[in-house]
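Take a look at the letters that make up each chain.
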Amino acid sequence: MTARRSPYDGSAIVFATMHDKQRLADDSFAELLGATVVAPEHLDTDQFGTFAGDIPRTLSPYHAALVKARLAMQIAGVPFALASEGSFTSMLGLGVENTELLLFIDSERGLELVESSTMDWPLPAGGPIHSVAEAVAFAAAVGFPAQGLTLRAVGDDGLAIVKDIPTLGELTGHVERALGEGGAVTLIADYRAHRSPLRAHRIRALCERMALRLATPCPRCASPGFGRVAPERGVPCAQCGRATDLIAADIDGCGVCGHQVRRPRAVSVADPGYCDHCNP
Ligand SMILES: [Zn+2]
Ligand SMILES: [Zn+2]
């Protein structure tokens, strides 16, 4: 008899994606949990909104992930699902911030886990293009064609969107044509996971975190997925003793029985610079 690596050993977990995200989870889920990650057939995730803006996003990232995960479970007929949502927020001239959220659902145990990360997006986001030279410079700056680009052109026939442009030659061809028609032309980075190596890298890192978490049993009920659920703020100010916003401890929790463990951080007092009272 061989020992089971995890409660998911030998199980199939469906990743709600049509952009090959299952490949980003496959290694860590196989290695740490013994699970196989698959993509559902015929799942149209674009119906919940696209980065290119041709279909607006109406749900919050968390709810979009939840709806996609449930739909994928239904299509694939398995009780376990992953779904991820990325969002990009423009910081008013201070660059772009990328938040990635990864959701895991185990409908047998009633378990729902979220891992997320927020980081600066180091590549230019794109904007209006007035010449082919500008398009070529932007393509070089983002690392096209590994990082994909989407062209949006507003002409007489309304908005035209071109995705999946494979080469610089085809890109300049599209740009030339669109500029020739006299409309407004915009080039934006394609953030879909299979067209964005940096985004794929970040989703892969979240998948590893999720697999590690699922490999961690709750110390009380032994359910999988014990891990950090929230920070506890309130390190006291060194000068006045009032609670500041600094994180005093991390709280690990179980998504099934609710058991929590507090892990204090190695700080006992906060610099008065963090204090709303001493440094308003
Ligand atoms: Zn103070
Ligand atoms: Zn528990």
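Residues numbered from 1 in each chain as written. Chains lettered and ligands numbered in written order. Predicted model: local features only at pLDDT ≥ 70, side-chain atom pairs only at ≥ 80, totals over all residues. Heavy atoms only, no water.

So what exactly am I meant to see when it comes to the coordination of the zinc ion (ligand 2) here?
In an ideal octahedron of six donors the angles at the metal are 90 or 180 degrees, and in an ideal tetrahedron of four donors they are 109.5 degrees. Bound to the zinc ion (ligand 2) are the protein donor atoms Cys218 (SG), Cys221 (SG), Cys254 (SG) and Cys257 (SG), situated 2.3 to 2.4 Å from the metal. Geometry at the zinc ion (ligand 2) is tetrahedral, judged from its four donor atoms and the angles of 106 to 112° they form at the metal. Counting gaps between the donor residues of the zinc ion (ligand 2) yields the pattern C-x2-C-x32-C-x2-C. Of this pair, Cys218 sits in the loop between helix H5 (197–214) and strand S10 (227–233) while Cys254 is found in the loop between strand S11 (247–253) and strand S12 (260–264), placing the two residues 36 residues apart along the sequence. The exposure class of Cys254 is buried, given its relative accessible area of 9%. (Donors = N, O, S within 2.8 Å, 3.2 Å for Na, K, Ca; no water. Tetrahedral: all angles 85-135°; square planar, octahedral: opposite > 155°, others 65-115°. Helix = DSSP H or I, 4+ residues; strand = E, 2+ residues; numbered from the N terminus. Buried < 20%, exposed > 50% of the residue type's maximum accessible area, 1.4 Å probe, protein only.)

Explanation requested: the packing of helix H1 (residues 22–33) against H5 in the structure shown.
In a pair of packed helices, the angle between the axes and the distance between the axes together describe the arrangement. Between H1 and H5, whose axes approach to 8 Å, the crossing angle comes to 25°. Between H1 and H5, the angle falls in the class roughly parallel. By crossing handedness, the relation of H1 to H5 is classed as right-handed. Two secondary-structure elements touch here, H1 through Arg23, Leu24, Ala25, Asp27, Ser28, Phe29, Leu32 and Leu33 and H5 through Ala200, Ile203, Arg204, Cys207, Glu208, Met210, Ala211, Leu212 and Leu214. Tallied by class, the residues present in the contact of H1 with H5 amount to 12 nonpolar, one polar and four charged. (Axes fitted to C-alpha atoms, helices over the stretch in contact; angles between N-to-C directions. Parallel < 35°, antiparallel > 145°, perpendicular 65-115°, else oblique. Left-handed = near helix turned anticlockwise from the far one by under 90°. Contact = heavy atoms within 4.5 Å. Nonpolar A, V, L, I, M, F, W, Y, C, P; charged D, E, K, R; others polar.)

Just checking my understanding: could you explain the pattern of salt bridges for this structure?
Taken as a whole and assessed by the stated rule, the structure comprises 14 salt bridges. Taking the shortest distance from any N to any O, the salt bridge between Arg109 and Asp106 comes out at 2.7 Å. Arg109 gets classed as partly exposed once you look at its relative accessible area, which sits at 30%. Overall, the relative accessible area of 0% leaves Asp106 in the buried class. Of the charged contacts, one joins Glu232 and Arg262 as a salt bridge, the two residues approaching to 2.8 Å between their closest N and O atoms. Note that Glu232 is positioned in strand S10 and Arg262 in strand S12, a separation of 30 residues in sequence. What makes Glu232 partly exposed here is its relative accessible area of 28%. Several salt bridges converge on common partners, so that one network encompasses Asp164, Asp190, Arg192 and Arg195. (Salt bridge = Lys/Arg side-chain N within 4 Å of Asp/Glu carboxyl O.)

Don't take any of this as a statement about function, it's just geometry.
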